[in-house]
Each structure stands twice: as structure tokens, then as C-alpha cells.
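# An overview of the molecular structure
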Amino acid sequence: MSTQTKSEYMLLFRGTDWHKGLSPEEIQEVVKQMYAWLDRLIAEGKAKSGKPLFPEGKLVSQKNGRVVADGPFAESKEAIGGFFLLEVGSLDEAAEIAKDFPGLNYGATVEVRPVAPECRPLALSPSEKSAAHPARATA
């Protein structure tokens, strides 16, 4: 019996205009394929969560002072339309899963990224934290 270690991988779905040029019936068929794909991943215990994203949002930057602007400003082919969180054995396995995404046939792309186990500052040992922030260590 194999006890393969699993890690988390984020699938970021790019391309919010994949449906352009398709009839309502064709869009419905592609969405049906997407749900079947997701349902299979859930049944296999590989998909942990996922959500679509609304196209509007806010963009926060430090450019010219702290600015909050309506956004995002990415081209529609680059805009992130949603995400899934997978738990699988490797980055290659996550990429193979992404290759089956039905939206790829219509111009969407999938970015596959490993999820870090924790934020680096939280992972610092006490001595590393005091070295990074001497004023806090003595306070």
C-alpha cells in the first residue's frame, strides 16, 4: 500500500471571454462539461475547493501614494475568472489535471501553482524573527 504525500496546487483560470462567438446552447454545453470535470475531481478527492470570480474588483497599489482603483485592469484574456485548489501528489499531476479543463478548447488558459505551506515570515524561528526585527524583540 502506497502512502504518497499530497500537496496543494492552485489552478488559476485565465480568459474571461472564452464564450465569445458561441451560441447560448454551445455555452451551456461547455459549462456542463466544466461541471462534469469538476465533479469528477471532487469524486476522486483531488479538488478541495474552487470558485468563479466576478469580473469587477479593486486594485490596490503604492504607485503615487496608496491608491485603490476600480479594476482589475488585465486584458480579458489574462484576467483571472476563477480558481480551484487541488490536493494531489505533484505539480506534474496538477498540470495533467489542468490539461483536461474544457475551457482550453475555447481560448482559456490555466496557470498551475504550488501552494506554499505557510507565509515565510510566519515560518521564521524565534531567533530569525528577532534578527529580522530587533526593535520588536526587545519590546
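Residues numbered from 1 in each chain as written. Predicted model: local features only at pLDDT ≥ 70, side-chain atom pairs only at ≥ 80, totals over all residues. Heavy atoms only, no water.

Our next topic: the pattern of salt bridges. Taken as a whole and assessed by the stated rule, the structure comprises 9 salt bridges. When the shortest N-O distance is used, the salt bridge between Lys 32 and Glu 29 registers 3.9 Å. Here Lys 32 pairs with Glu 29, and both are found in helix α1 (residues 24–43), just 3 residues apart, close to one helical turn. Overall, the relative accessible area of 37% leaves Glu 29 in the partly exposed class. Of the charged contacts in the structure, one is a salt bridge between Glu 96 and Lys 99, with a shortest N-O distance of 3.2 Å. Here Glu 96 falls in the partly exposed class, since its relative accessible area comes to 45%. Among the charged side chains, a salt-bridge network with shared partners connects Arg 40, Glu 44, Lys 46, Glu 93 and Asp 100. (Salt bridge = Lys/Arg side-chain N within 4 Å of Asp/Glu carboxyl O. Helix = DSSP H or I, 4+ residues; strand = E, 2+ residues; numbered from the N terminus. Buried < 20%, exposed > 50% of the residue type's maximum accessible area, 1.4 Å probe, protein only.)

Taken in spatial order, the 4 strands make up an open sheet running β2-β5-β1-β6, and their pairing is antiparallel. Each edge of the open sheet is held by one strand with a lone partner, namely β2 (47–52) and β6 (109–114). Averaged over all pairs of adjacent strands, the angle between strand axes in this sheet comes to 15°, irrespective of strand direction. In terms of strand pairing, strand β1 (residues 7–14) meets strand β5 (residues 80–88) through 8 bridges, oriented antiparallel. Opposite Tyr 9, over in β5, you have Leu 86 as the bridge partner. Most of the contacts of helix α2 (residues 91–98) go to β6, to which it runs at about 160°, and overall it touches β1, β5 and β6. (Pairing = 2+ DSSP bridges. Axes fitted to C-alpha atoms, helices over the stretch in contact; angles between N-to-C directions. Contact = heavy atoms within 4.5 Å.)

Attention now goes to the environment of Lys 51. The topology assignment puts Lys 51 in strand β2. On the basis of relative accessibility, which here comes to 53%, the residue Lys 51 falls in the exposed class. As a C-alpha pair, Lys 51 and Gly 81 span 30 residues in sequence and 8.9 Å in three-dimensional space. Residues within four places of Lys 51 in sequence aside, it is in contact with Gly 82 and Phe 83.

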